[in-house]
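Survey of secondary and tertiary structure
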Amino acid sequence: MPYSEPTSLAIVACPGGEAFADEVITHLKHMYKHRFTLKNDVISKRYELTKEELVSNINLHNDVQTSDLCIRGATDKYRPPVFKVNARFTYFANGEFKTELLETIRGKDVFIFQDVENHEVLTLNGGKNKVSLSVNDHVMSLLVTIDAVRQAGAEKITLVVPSYPYSRQHKKKGREGLTASMLGHMYELLGVSRIITLDIHSREIVNAFSKINLENLHASYQIIRELGKIVDLSGKKDDLVIVSPDTGAIDRNKFYASGLKLPLAMIYKERDYSIVTQNANETNIKSVKLLGDVKGKVAFLADDMLGTGGTLLKAMGFLKEQGATKVICAISLPFFTGDAIHLFDEAYEKGLFYRIIGTNAVYHEELLKREWFINTNVSGLFANVITRVHYNQSLSDLLDNRNIIEKLVKLQNTPASEKADKKDEKKDDAKAE
């Protein structure tokens, strides 16, 4: 029975990725307990054993198989797996990092978590130091941790990086490096076999790997679920239109438009690329045009990441000028770098937008305090992918979630009375089974 202790699935959380790793582990514990209970129900009936007898037999088998004398815990109760590996992370005064694993991971399937965009103050060196780390610090911490895990004898190494570092440096336009590709080659040299990320900036990055498998997850289901709570997706109360903020986001917004059966508009921007922006107040956009109609409608925009936010702020103001009643944005990776939060506070007070939906894939405490920000949780999605990867199961329905989005939209459009009837039907079916 692989859903109890001991488990070969191990999680090592770098300092930046610890908050997200803890949320994923919470989901993993619930999933493993639920799966164990289901298996116990089915197998106990099939082999005519009581549930208590089956649990004792499973624990006996695990005690016999373990390399230790026995596994800690009661012999007649479920033994929940311990996923998180105890580790010590040292940050030296000169900026160097060191990772020490405090327990064995030899032969285990290890998932290393890192959030390179976590710029909150972290506690390091056993609580002695509080440091806010840069992207480069987080990347170096990740590389050091990968090497420690490899040296400790892990069987497989998977990186869980919701925000792939340097993903915007993926095209060569002149005398510049392909940093996204370079990091991929470094991961390969260190023995990484798989990367799990969220809404990677460019699909071209996938082609940079020779051996690594990259699983690019999408938060569209979670975003639509939150969107359905603030607007009527059926169109009876709110006239909703999907708007692509630029040409680069057209495929993403076309996905939402086709999934929700809504019209698609696009903002076209003429840019002066001789200007390099430093904050949200500066922009290289010279003129903006709208292809479509938003007058008297609720405009919904979706993009993969938000840095300084200058482009989005200008797009939201433009849509309000064009007559949009509300502007709602969805951001998979809400970085909000520099003074972006302050600038969005000002824009919200001016009524330029209604809400911004962002995922918890980037840890940002200040965002959670804002009335205009809606946090949608994707840790359950990552937990599902991790278990399927660990047990060599298919990821198709998680990577292409159009079917569950379609079901969600149908549920949103179903009258309350019918929803109650469907819930009763499910309960009756469950009892019958």
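Cut-offs used in this document
Residues numbered from 1 in each chain as written. Predicted model: local features only at pLDDT ≥ 70, side-chain atom pairs only at ≥ 80, totals over all residues. Heavy atoms only, no water. Core = buried A, V, L, I, M, F, W, Y, C linked by side-chain atoms within 4.5 Å. Buried < 20%, exposed > 50% of the residue type's maximum accessible area, 1.4 Å probe, protein only. Helix = DSSP H or I, 4+ residues; strand = E, 2+ residues; numbered from the N terminus. Contact = heavy atoms within 4.5 Å. Polar contact = N/O pair within 3.5 Å; in protein donor to acceptor, adjacent residues only side chain to side chain. Pairing = 2+ DSSP bridges. Expected span 1.5 Å × (residues − 1). Lys, Arg positive; Asp, Glu negative; His and termini not counted. Salt bridge = Lys/Arg side-chain N within 4 Å of Asp/Glu carboxyl O. Axes fitted to C-alpha atoms, helices over the stretch in contact; angles between N-to-C directions. Left-handed = near helix turned anticlockwise from the far one by under 90°. Nonpolar A, V, L, I, M, F, W, Y, C, P; charged D, E, K, R; others polar.

Turning our eyes to something else, we now look at the nonpolar core. One finds Ile 11, Phe 111, Phe 113, Leu 227, Phe 300 and Phe 382 to be the most contacted residues of the largest nonpolar core, which totals 59 residues. A per-element tally of this core places helix α1 (residues 18–46) first, with seven residues. Excluding residues that lie within four positions of it along the chain, Phe 113 makes contacts with Ile 11, Val 12, Ala 13, Cys 14, Gly 17, Phe 20, Ala 21, Val 24, Val 160 and Ile 386. Ranked by size, the runner-up nonpolar core spans 30 residues in total, among them Leu 290, Leu 312, Leu 313 and Leu 319.

Another aspect to go through is the environment of Arg 79. You can see Arg 79 is positioned in the loop between α2 (51–65) and β2 (87–91). For the pair Arg 79 and Phe 97, spaced 18 residues apart in the sequence, the C-alpha separation amounts to 35 Å. Among the polar contacts made by the side chain of Arg 79, one reaches the main-chain carbonyl oxygen of Ala 74 at a distance of 3.1 Å.

Summarising the sheet, strand β5 (residues 121–124) and strand β6 (residues 129–132) pair through four bridges and their orientation is antiparallel. Residue pairing for β6: Leu 124 is matched across the bridge by Asn 129. The turn linking β5 back onto β6 is made up of four residues, and Asn 125 within it adopts a positive phi angle of 55 degrees.

Under the 1.5 Å per step criterion, the end-to-end length of helix α7 (residues 310–321) is 17 Å for twelve residues, consistent within 8% with the ideal 16 Å. Every buried residue belonging to α7 is among Gly 310, Leu 312, Leu 313, Ala 315, Met 316, Gly 317, Phe 318 and Leu 319, and all of these are buried. One or two steps after α7, the chain reaches Gly 323, where phi turns positive at roughly 100 degrees.

Within the secondary structure, Glu 5 is located in the segment before β1 (9–13). Although buried, Glu 5 forms no salt bridge, and the nearest oppositely charged side chain, Lys 108, lies 5.7 Å from it. Among residues more than four places away in sequence, those in contact with Glu 5 are Asn 62, Ile 71, Arg 79, Pro 80, Pro 81 and Val 82.

Here α1 crosses helix α10 (residues 379–390) at 60 degrees, and the two axes come no closer than 8 Å. The handedness of the crossing between α1 and α10 comes out as right-handed. Residues Phe 20, Glu 23, Val 24, His 27, Leu 28, Met 31 and Tyr 32 of α1 touch α10, and the partners they reach there are Ser 379, Gly 380, Phe 382, Ala 383, Asn 384, Ile 386, Thr 387 and His 390. Split by residue class, the contact of α1 with α10 holds eight nonpolar, six polar and one charged.

Take the environment of Glu 96 next. With respect to the helices, strands and loops of the structure, Glu 96 is situated in the loop between β2 and β3 (97–101). Residues Glu 96 and Ser 141, spaced 45 residues apart in sequence, show a C-alpha to C-alpha distance of 8.5 Å. Ignoring sequence-local partners within four residues, the contact set of Glu 96 consists of Thr 90 and Tyr 91.

Turning our attention to the pattern of salt bridges. Within this structure, the stated rule accounts for 13 salt bridges. The partner of Lys 84 in a salt bridge is Glu 18, and the shortest N-O contact between them spans 2.9 Å. Taken together, the residues Lys 84 in the loop between α2 and β2 and Glu 18 in helix α1 connect sequence positions 66 residues apart. Among the residues examined, Lys 84 registers a relative accessible area of 27% and is labelled partly exposed. Assessed through its relative accessible area of 35%, Glu 18 is described here as partly exposed. The partner of Arg 194 in a salt bridge is Glu 215, and the shortest N-O contact between them spans 2.4 Å.

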